[in-house]
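Spelled out from the first residue to the last, the chains are:
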Amino acid sequence: MTDTVRLPRRLDAPPPGWSTDVDVIVVGSGIAGLTAALRLREQVDTVLLVTKTVLNEGSTAWAQGGIAAAMDPADSPEEHLRDTLVAGVGLCDVEAVTALVTEGPQRVRELVALGAEFDRDSAGEILLTREGGHHRDRIAHAGGDATGREISRALIEALHRVQSDPGIQVVEHALVVDLLQTDDGRVCGVTVHVIGEGQVDGVGAAHARAVILATGGLGQLYSATTNPAVSTGDGMAIALRAGAVMADVEFVQFHPTVLWLGEAANGQQPLISEAVRGEGGFLVDGDGVRFMQGVHEMADLAPRDVVARAIVARMRETGTDHVYLDARHLGREFVERRFPSIVASLREHGFDLAADLVPVAPAQHYASGGVKVDLHGRSSLDGLYACGEASCTGVHGANRLASNSLLEGLVFAHRIADDITARFAAGELAPATPAAPTGETALLAAEHRRDVQRAMTAGSGVVRSAESLAGADHELATLAKATESDRANPEPAAWEATNLLHLGQVLTTVAALREETRGGHLRSDFPERDDEDWLGHLHAVRRPDGTVETSYHPLPVTAGSEPA
Ligand SMILES: Cc1cc2nc3c(=O)[nH]c(=O)nc-3n(C[C@H](O)[C@H](O)[C@H](O)COP(=O)(O)OP(=O)(O)OC[C@H]3O[C@@H](n4cnc5c(N)ncnc54)[C@H](O)[C@@H]3O)c2cc1C
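Bear in mind that the values here come from a model prediction, so they are computed numbers and not experimental data. (Residues numbered from 1 in each chain as written. Predicted model: local features only at pLDDT ≥ 70, side-chain atom pairs only at ≥ 80, totals over all residues. Heavy atoms only, no water.)

**Observations concerning the sheet that holds strand β11 (residues 202-207)**
Then, number 1: One open sheet holds the four strands; their spatial order is β2-β11-β10-β9, and the pairing between them is mixed. Lying at the two open borders of the sheet, with one neighbouring strand each, are β2 (19-21) and β9 (174-181). Across the sheet, the mean angle separating the axes of adjacent strands is 25° when strand polarity is ignored.
Then, number 2: Looking at chain direction, β9 and strand β10 (residues 187-194) are connected through seven bridges and run antiparallel. Note on β10: the bridge partner recorded for leucine 180 is glycine 189. (Pairing = 2+ DSSP bridges. Helix = DSSP H or I, 4+ residues; strand = E, 2+ residues; numbered from the N terminus. Axes fitted to C-alpha atoms, helices over the stretch in contact; angles between N-to-C directions.)

**Regarding the side chain of arginine 107**
Then, number 1: With respect to the helices, strands and loops of the structure, arginine 107 is situated in helix α3 (residues 94-114).
Then, number 2: Take arginine 107: its relative accessible area is 15%, and that puts it in the buried class.
Then, number 3: In contact with arginine 107, not counting residues within four places along its chain, are Leu410, Val411 and His414. (Buried < 20%, exposed > 50% of the residue type's maximum accessible area, 1.4 Å probe, protein only. Contact = heavy atoms within 4.5 Å.)

**Details of the site of the ligand**
Then, number 1: Neighbouring residues of the ligand: 37 residues in total, closest Thr60, Gly66, Asp234, Glu389 and Ser405.
Then, number 2: Within the backbone of glutamate 57, one N or O atom sits 3.0 Å away from an oxygen atom of the ligand.
Then, number 3: Breaking the shell around the ligand down by element, the ones donating at least two residues are α1 (31-41), β9, β19 (358-367) and α10 (404-425).
Then, number 4: Each residue belonging to the shell around the ligand can be placed in one class, and the counts come to 13 nonpolar, 19 polar and five charged. (Near = heavy atom within 4 Å. Polar contact = N/O pair within 3.5 Å; in protein donor to acceptor, adjacent residues only side chain to side chain. Nonpolar A, V, L, I, M, F, W, Y, C, P; charged D, E, K, R; others polar.)

**Section: the packing of helix α11 (residues 449-459) against helix α13 (residues 492-513)**
Then, number 1: Interaxial distance between α11 and α13 falls to 9 Å at its minimum, and their mutual angle equals 20°. Regarding the angle of α11 to α13, the classification is roughly parallel. Here the hand of the crossing between α11 and α13 comes out left-handed. Where α11 approaches α13, its residues Arg449, Val452 and Met456 are matched on the opposing element by Glu496, Ala497, Leu500, Leu501, Gly504, Leu507 and Thr508.
Then, number 2: Its residues assigned to classes, the contact of α11 with α13 comprises six nonpolar, two polar and two charged. (Parallel < 35°, antiparallel > 145°, perpendicular 65-115°, else oblique. Left-handed = near helix turned anticlockwise from the far one by under 90°.)

**A short note on the packing of aromatic side chains**
Then, number 1: Within this structure, the stated rule accounts for three aromatic pairs.
Then, number 2: Here tyrosine 222 and phenylalanine 254 contribute two aromatic rings whose centre-to-centre distance is 5.3 Å and whose plane-to-plane angle is 80°, an arrangement assigned as edge-to-face. Here tyrosine 222, found in the loop between β12 (210-213) and β13 (224-225), pairs with phenylalanine 254, found in strand β15 (residues 252-259); they are 32 residues apart in sequence, far enough to count as distant.
Then, number 3: Considering the side-chain rings of phenylalanine 334 and phenylalanine 339, the 6.4 Å spacing of their centres and the 85° angle between planes classify their relative orientation as edge-to-face.
Then, number 4: Owing to a relative accessible area of 0%, phenylalanine 339 belongs among the buried residues under this scheme.
Then, number 5: It is arginine 400 that lies over the ring of tyrosine 366; its NZ or CZ is 4.3 Å from the centre. (Phe/Tyr/Trp six-rings, centres within 6.5 Å; stacked < 30°, edge-to-face > 60°. Lys NZ or Arg CZ within 6 Å of the ring centre and 35° of its normal.)

**Re the confidence of the model for the protein chain**
Then, number 1: Looking at the protein chain as a whole, its pLDDT mean stands at 94, while 99% of the residues score no less than 70.
Then, number 2: Scored below 50 in pLDDT, residues 559-564 shows 16 contacts in the model against residues more than four places distant or in partner chains. (pLDDT = per-residue confidence, 0-100.)

**Observations regarding the packing of α1 against α10**
Packed helices, taken two at a time, are described by the angle between their axes plus the distance between the axes.
Then, number 1: Here α1 crosses α10 at 30°, and the two axes come no closer than 8 Å. The chirality of how α1 crosses α10 is right-handed. Of the residues in α10, those touching α1 at Ile31, Ala32, Thr35, Ala36, Arg39 and Leu40 are Leu406, Gly409, Leu410, Ala413, His414, Ala417, Asp418, Ile420 and Thr421.
Then, number 2: Taken together, the residues that form the contact of α1 with α10 break down as nine nonpolar, four polar and two charged.

**Observations regarding unusual backbone geometry**
Then, number 1: Positive phi, normally seen in glycine, also occurs at aspartate 248, with a value near 60°.
Then, number 2: Within the secondary structure, aspartate 248 sits in the loop between β14 (246-247) and β15.
Then, number 3: The phi dihedral of leucine 429 is positive, around 55°, even though this residue is not glycine.
Then, number 4: With respect to the helices and strands, the residue leucine 429 is situated in the loop between α10 and β23 (441-442).

**Here's the deal with the pairing of β11**
Then, number 1: Of all six residues in β11, six are buried, a share of seventy percent or more.
Then, number 2: In this sheet, β11 lies alongside β2 in parallel orientation, the contact comprising three bridges. Bridge pairing links aspartate 21 to histidine 207 in β11.
Then, number 3: Summarising the sheet, β10 and β11 pair through six bridges and their orientation is antiparallel. In the sheet register, histidine 193 faces β11, and the bridge partner there is valine 203.

Structure (structure tokens):
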């Protein structure tokens, strides 16, 4: 590995040409950002919601399987908690999970009251299904396998109903570049680039008493991901540069069943939801042999890391780069009714879920870590909150349980809105003036996005080793020596590429430190889970001199340490 990673304080960007003042800025319009903005709007005077492209762009609209909540009378939050802890392999924060599972059912009911239409049975009850790692049917879904699209639609319609309210302002095509801070580090706004008309165009300064980063995941760090193009880890990189503590970033979930379209495939790839296995689909190798039985008591429905690891092992044994998903026995009528989006997306690529073995391989899917926050969504920087996939609340530990992420966005957005409201009422977070921007700046040319992805996929991907991580570290360090020509075009694609680079450097650093295999972190050179040395969290923080400091925070070996 190279010497300590150094990060600049800011991205190269033109100085702000306009400014605005509000109470709260919400960055991002997925389930986390929309929920926070809608609730805050009822409680504070002015909310500004900015989103990088259009409102329904982001992972939320792509979510297929559903949202997990113990809503069946036979189920209980305690059982949901237990399943979540097992999936998190000893690293979940029990208090955060308790908040998730106990507040979750009510938050889902509120989503229904807001207009989200979940699939129901003939008696009108919400249908609940099962996904990997859940011991109960507790996944509410919509439009069969289009849950995220329906949730996004309902939240955006709710937003449109209040958009004439002077208390809320929504700006699309508004990309947040960096945070504004006071002399003592408090976050008091953002610099934001707007593709607009008139006064609000180009880079501006938006001042606020509190900022919520709800910018989603980092899937575009890898060549193949289920995440859309906007998932470039902006919020995490922005928080990192500003000096916020990051946690658990080495735990990246690779979804086991992503359509395999060949080595050259790049960017967002079609996901085949776990729900297909939940309904009886199973994995086979190239010889048609089932291989999950005997690996885990839940076989094909084992937690995702277990399934992804078994697929990687089988691919290695058979010298192939994919395995197959078999759902043929479920019947055409059933798969077309239950999985209309998956069937349509596979058909576009020439596969018939009802008749073909479908080639699949693991691809990046979810970031379990992110900006470290407490139970109220507060980061280590005063005035800065993070919510949804950009945050690390501790609910996922080393590996997210299926369908817990939409719920996390929902539950913690409420908590954040209520915390900000209470702090405002107590006179905290008074308006503040940002310090003049200082410190180093950087920019990586947009065309290097693919170089970052290649380095991360080869070195910090689904299977890692000291050697592969050192290779990624070296390539990223070389890219970080930006040239003058790199810095020539400060524009959205270059800001995104630079965010990916910064996050990739930190992820690779902490992944190299964790010498064990746990959850989403799979080391070929340390294939076992090692509670004695590694039952704990890795944090990373940028110090004022630009160096990134890592630290290890052990947990007592008994607390929250569930068998995988
Ligand atoms: C294919 C797929 C299927 C999934 N299925 C499920 C499922 O069934 N159940 C489940 O619980 N989870 C699922 N997930 C995960 C889940 O969808 C996400 O974790 C969740 O939607 C994240 O919500 P979010 O609000 O945090 O982020 P997102 O929904 O990703 O929203 C992020 C927002 O931030 C904006 N943004 C980003 N950067 C900036 C910037 N610099 N400036 C301004 N705006 C910015 C984006 O444009 C976007 O609006 C799935 C994910 C994918 C990709």
